[in-house]
Structure formats: C-alpha cells, structure tokens
Amino acid sequence: MKTLGKTLAVSGLLLALAACGGGGGGPVTISVNGKVLDSSGNPVSGANILLNGSNLKTTGADGTFSYTSVTTPYSLTVQTGTNISEYRGLTRANPQIGGSGGYSASVAGAVTGPTFPLPAGQGILVSGTGAFGFISANSTTGSYSGNIVWFGSSSKTTDLVALHLKVAGSAITDYLQLGKRTGVTLNAGVGQTGLNIPLNTAVPSTTTTFTLTTGAYSNSPSSGLIYIKAGGAMFIVPGLSVSSGTSVKIPSEGAGFIASGKDADGNTVAAIVPANTTGSSNVTLPAATVLKNSLPAAGATGVDKRPTLSWTPVSGVGLYTLTLSGAGKIYTLYVPASAGASLQLPDYSVLGASLAGSTVYSWGVQAFQGLAASSDDLTNPDGSNLELSALLSNTPIFVFGSKNTSFTTVP
C-alpha cells in the first residue's frame with residue numbers, strides 16, 4: 001500500500017482533550033496580555049474580548065489584547081464570528097486563545113534499508129522522541145514528509161524514528177525494523193529536508209490480551225489500538241480496531257488502547273488506557289452512567305434566555321466543557337469543576353449574542369477524568385500541558401460526554 005494509515009491525523013478525541021496541570025495560589029493582581037489565534041496559528045484581528053463579563057475590547061491586527069489591574073482568578077470571553085468562548089478560573093498573565101497547540105516543524109527525507117517498493121501489507125511510520133509525528137512514508141520510494149509536533153520551548157532536539165510494520169486487515173502483525181536519525185534540532189515553523197533515516201535495528205515485541213468491560217456503556221461499543229511506542233518515540237495509529245479477547249502484538253516499549261461506548265440514553269465515554277506489556281490489558285468502563293444533562297429537562301419549553309444549565313457532577317475532573325448551539329451561534333464555556341455542576345448562562349448582550357426568543361437550543365457537557373485540567377492549561381501559549389503530553393507519560397484518560405438535549409426559549 002502507498003501509505004500505512006492514511007488517516008494518521010490524531011482522532012477527534014485527541015484533539016478535543018485538554019490538559020494536565022492547573023493554576024494555583026491565592027488572588028493576586030496582574031496585567032493580562034493575551035493573543036487570539038486561528039487554528040493555523042495566525043493572529044485574529046477584530047475579535048471581541050470581555051474581562052469578567054464586561055470591559056469590552058477588540059484585538060488588533062496582531063491578535064493581541066491587554067488589561068491592567070486584573071485580580072485572579074478571572075474570566076475571558078472571546079467572540080470570533082459566530083463562536084463565543086468563555087474561559088473561567090484563569091490566573092495566567094499571557095493567555096493564548098486558539099492556535100494549534102504546541103509547536104511544529106516540517107521534516108522530509110527518505111527511509112533507507114528495505115527493498116522498495118515494499119510488499120503489500122507493509123508500511124513505515126515516522127515520529128520523534130519526546131514529540132509526535134503523524135507521518136507515513138511512501139511504500140514505493142521510502143520518501144516521507146510531514147510535521148513533527150512538540151510542547152514547551154520553540155526549539156527542540158529530537159531523534160527522528162522510523163518504524164517498519166507489517167499489517168493484516170486492521171491488525172499489526174509484526175514490527176520488522178526501526179531506525180533513528182539522532183540529534184535533529186527542530187525550530188518552530190522552520191522546515192528541513194534531506195533527513196534520511198536508515199532502518200537497522202530489531203524491534204523487541206510482546207503480546208497482550210485485550211479485554212473490554214463495557215458496563216453501562218454497552219451500546220455501540222468500539223475498541224482498538226491508538227498508539228504504539230518504539231525507539232523512544234510514540235506513533236499514533238487510529239483505526240486499528242481490536243475486539244475484546246484478542247491477543248495483540250505490541251512493542252515491548254508500550255502501546256495504548258482506546259475504547260468507547262454509549263449508555264441506553266446516548267451519553268458517552270471514551271477511554272485511552274496504556275497496554276500492559278507483561279500480561280493482559282483490561283479496559284473497564286463505568287458500571288453506571290457518569291455524566292448526563294439534568295436541567296433544563298430535555299424538550300423543555302418557555303426557558304429563560306439566560307437559562308441555568310446543570311448536569312451530574314463527575315469526580316476526579318478539573319474542568320467541564322459546556323457547549324450550547326442555536327440560532328447560528330456556538331457557545332463554549334470552560335468551567336472549573338470546583339465551581340460546581342451548574343451555571344447560569346452569562347449576559348452576552350454587549351456582544352449582540354444573547355439567546356434569541358422562541359428558539360431551539362441544544363447543549364451538552366464533556367468532562368475529562370484523569371487530568372487535572374484548567375482554563376490556564378487550555379490557554380498555555382507553549383502547549384506544554386496539552387493532553388498529548390499526558391499520553392507520553394502513559395496517563396489513563398477517560399472522557400465523558402452527556403447526550404445533547406434541547407430546550408426552547410421564551411418568546
């Protein structure tokens with residue numbers, strides 16, 4: 001095949017997850033100098049900003065905004081087009097709203113060693129140590145190109161690692177060889193070519209038996225391999241489904257399984273759990289539904305235009321993400337779990353974004369268990385606390401989602 005896993009973009013789950021770490025300390029007074037970026041990392045001019053629900057400002061051509069004498073914790077509301085996002089519980093002085101998260105640089109070269117074209121059912125992946133590469137080499141020529149993503153400093157020294165795999169259907173059946181190009185210094189936004197990688201090292205492997213207990217989330221269950229580790233690097237491999245009870249070959253350095261399901265009402269869970277390299281790998285989903293919407297009741301009518309929304313509290317989480325949509329607008333609120341499992345929708349009239357009358361709105365909540373997430377993490381300019389960083393340290397992650405329910409506002 002020309003490429004292995006053409007869909008090696010990170011799954012929606014990985015993109016949606018947020019962050020380990022958190023703000024801390026008591027109230028202090030700071031100056032806030034922030035920036036709004038689009039998903040490509042470009043500055044967004046003309047974005048409306050509210051501090052603690054007032055003090056309207058607009059970003060300049062460079063996407064920046066600033067406030068002085070701000071007491072922490074504080075909240076920021078950002079309006080870009082039809083999207084309104086609110087970050088509560090902030091303490092950082094340099095929040096970055098949006099952007100791609102972390103840093104990236106393009107790399108290109110060729111993998112050498114095997115005879116090309118590769119036999120059918122074989123492929124080569126490329127990644128980096130302490131980083132993420134979602135790169136598949138061309139199985140006819142061995143050439144590769146793509147982006148390496150990392151967190152922390154804008155400059156990073158990494159070893160580029162190529163991994164030669166054998167695949168049958170949706171299963172990796174063997175790890176043939178790996179190779180490294182050591183000491184590659186990456187600088188954000190700066191591409192490099194000619195980074196050839198020779199395959200010359202055997203890949204130690206083991207087998208684990210994967211089991212899944214679905215608990216309350218037995219509807220539409222799915223499970224599979226989500227990442228593997230070899231040569232000190234992590235390779236994201238979504239789409240490799242694994243059924244419960246299956247023996248799976250994995251590198252001795254490690255791997256991770258993903259499992260998901262719905263309860264009878266459509267509330268969801270997704271879990272990423274490290275594989276056990278010395279025995280069976282068990283993923284157990286909760287026996288009872290963890291997260292669901294409470295009020296307004298599903299299908300409620302005559303609901304206030306500043307409704308109070310509530311949901312079941314979830315233990316072991318740092319942040320709730322509430323999304324509400326209707327009348328062509330999308331509202332996303334990031335709420336510290338310490339504030340409780342209920343909120344009244346703020347007054348967005350100064351943004352011209354109040355809820356419309358006699359209109360149907362849909363809403364739901366996500367909660368991330370296993371990560372002490374905060375709004376400070378979501379707005380970290382260097383991305384060093386993003387959830388992909390947590391995966392590097394084998395942190396089990398559970399993401400709960402309530403089924404979206406709807407209500408209709410008063411006229």
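The rules behind the values
Residues numbered from 1 in each chain as written. Predicted model: local features only at pLDDT ≥ 70, side-chain atom pairs only at ≥ 80, totals over all residues. Heavy atoms only, no water. Helix = DSSP H or I, 4+ residues; strand = E, 2+ residues; numbered from the N terminus. Rg over C-alpha atoms; globule rule 2.2 N^0.38 Å. Contact = heavy atoms within 4.5 Å. Pairing = 2+ DSSP bridges. Axes fitted to C-alpha atoms, helices over the stretch in contact; angles between N-to-C directions. Buried < 20%, exposed > 50% of the residue type's maximum accessible area, 1.4 Å probe, protein only. Phe/Tyr/Trp six-rings, centres within 6.5 Å; stacked < 30°, edge-to-face > 60°. pLDDT = per-residue confidence, 0-100. Salt bridge = Lys/Arg side-chain N within 4 Å of Asp/Glu carboxyl O. Polar contact = N/O pair within 3.5 Å; in protein donor to acceptor, adjacent residues only side chain to side chain.

1. Notes on the overall build of the protein chain
When helices and strands are tallied, the protein chain shows 3 helices and 31 strands. What you see for the protein chain is a C-alpha radius of gyration of 23 Å, in line with the 22 Å of a compact globule of 411 residues. Structurally, the protein chain occupies a C-alpha span of about 70 × 50 × 40 Å along its principal axes. Expressed as a percentage of contacts within the protein chain between residues at least 6 apart in sequence, the contacts between residues at least 24 apart total 71%.

2. Structural notes on the sheet that holds strand E16 (residues 205-213)
Pairing is mixed in the open sheet, where 3 strands are placed in the order E19-E16-E22. Each of the sheet's edge strands pairs with one partner strand only, and the pair in question is strand E19 (246-251) and strand E22 (281-284). With strand direction ignored, the average angle separating the axes of adjacent strands in the sheet is 35 degrees. Note that E16 and E19 share 6 bridges and pair antiparallel. In the sheet register, Phe210 faces E19, and the bridge partner there is Thr246.

3. Notes on the pairing of strand E25 (residues 308-311)
Sheet topology places strand E23 (residues 293-295) next to E25; 2 bridges connect them, and they run antiparallel. Residue pairing for E25: Leu295 is matched across the bridge by Ser310. When E25 meets strand E28 (residues 342-344), the two strands line up antiparallel, connected through 3 bridges. Paired with Ser310 across the bridge in E28 is Ser342.

4. So, the environment of Ser106
Here Ser106 lies in strand E8 (residues 103-112). With relative accessibility at 34%, the residue Ser106 sits in the partly exposed group. It is 5.4 Å that separates the C-alpha atoms of Ser106 and Gly146, two residues lying 40 residues apart in sequence. The residues contacting Ser106, other than those within four sequence positions of it, are Gly146, Asn147, Val190, Gly191 and Gln192.

5. Notes on the packing of aromatic side chains
Applying the stated criterion across every chain, the model contains 10 aromatic pairs. Between Tyr103 and Trp150 the ring centres are 6.3 Å apart and the planes differ by 35 degrees, which places this aromatic pair in the tilted class. With a gap of 47 residues between them, Tyr103 in strand E8 and Trp150 in strand E12 (residues 143-150) connect regions that are remote in the sequence. The structure contains a cluster of three or more aromatic residues connected by ring pairs, namely Phe132, Phe134 and Phe151.

6. Focus on the confidence of the model for the protein chain
Per-residue pLDDT for the protein chain has a mean of 90; in total, 91% of the residues score no lower than 70. Note that residues 1-24 has pLDDT below 50 and, in this model, 75 contacts with residues that lie over four places away or in other chains.

7. Description of the pattern of salt bridges
This model, assessed by the stated rule, comprises 2 salt bridges. With its nearest N and O atoms 2.7 Å apart, the salt bridge here joins Glu86 to Arg88. What makes Glu86 buried here is its relative accessible area of 5%. Of the charged contacts in the structure, one is a salt bridge between Lys249 and Asp174, with a shortest N-O distance of 3.0 Å. Within this pair, whereas Lys249 is found in strand E19, its partner Asp174 is found in strand E14 (residues 171-187), the two being separated by 75 residues in sequence.

8. Examining the sheet that holds E14
Taken in spatial order, the 4 strands make up an open sheet running E11-E9-E13-E14, and their pairing is antiparallel. Only two strands of the sheet have a single partner each, and these edge strands are strand E11 (135-136) and E14. Of the pairings in the sheet, the one linking strand E9 (residues 122-128) to strand E13 (residues 155-168) comprises 7 bridges and is antiparallel in character. By the bridge assignment for E13, Gln122 is matched with Lys166.

9. Some details on unusual backbone geometry
Cis geometry marks the peptide bond from Phe116 to Pro117; its omega dihedral reads 0 degrees. Residue position: Pro117 is located in the loop between E8 and E9. The residue after Leu295, namely Pro296, is reached through a cis peptide bond having omega 0 degrees. Secondary-structure assignment places Pro296 in the loop between E23 and strand E24 (300-303). A positive phi angle, near 50 degrees, is found at Ser220, a position not held by glycine. Of note, Ser220 is situated in strand E17 (residues 219-230).

10. Things to note about the environment of Lys180
Here Lys180 shows up in strand E14. For Lys180, a relative accessible area of 36% corresponds to the partly exposed category. The spacing of Lys180 and Asp159 is 21 residues in sequence and 6.2 Å in space, taken between C-alpha atoms. Setting aside residues no more than four positions away along its own chain, Lys180 makes contact with Asp159, Leu160, Val161, Ile197, Pro198 and Gly231. A polar contact of 3.2 Å, which involves the side chain of Lys180, links it to the backbone oxygen of Gly231.

11. Here's the deal with the environment of Ser241
Here Ser241 is to be found in strand E18 (residues 233-241). Spatially, the C-alpha atom of Ser241 lies 7.6 Å from that of Ser222, the residues being 19 residues apart in sequence. Those residues in contact with Ser241 that sit more than four places away from it in its chain are Ser170, Ser223 and Gly224. Among the polar contacts listed, one links the side chain of Ser241 to the side chain of Ser170, at a separation of 3.2 Å.

12. Topic: the pairing of strand E5 (residues 74-80)
When you tally the buried positions in E5, you get 6 out of 7 residues, the bulk of the element. Pairing of strand E2 (residues 48-51) with E5, which is carried by 4 bridges, proceeds in the antiparallel orientation. Of the residues in E5, the one forming a bridge with Asn48 is Gln79. Pairing geometry for E5 and strand E6 (residues 83-90), over 6 bridges, is antiparallel. Within E6, the residue paired with Gln79 across the bridge is Ile84. With antiparallel pairing between neighbouring strands as the criterion, E5 and E6 make up a hairpin whose turn holds 2 residues, including Gly81 at a positive phi of roughly 65 degrees.

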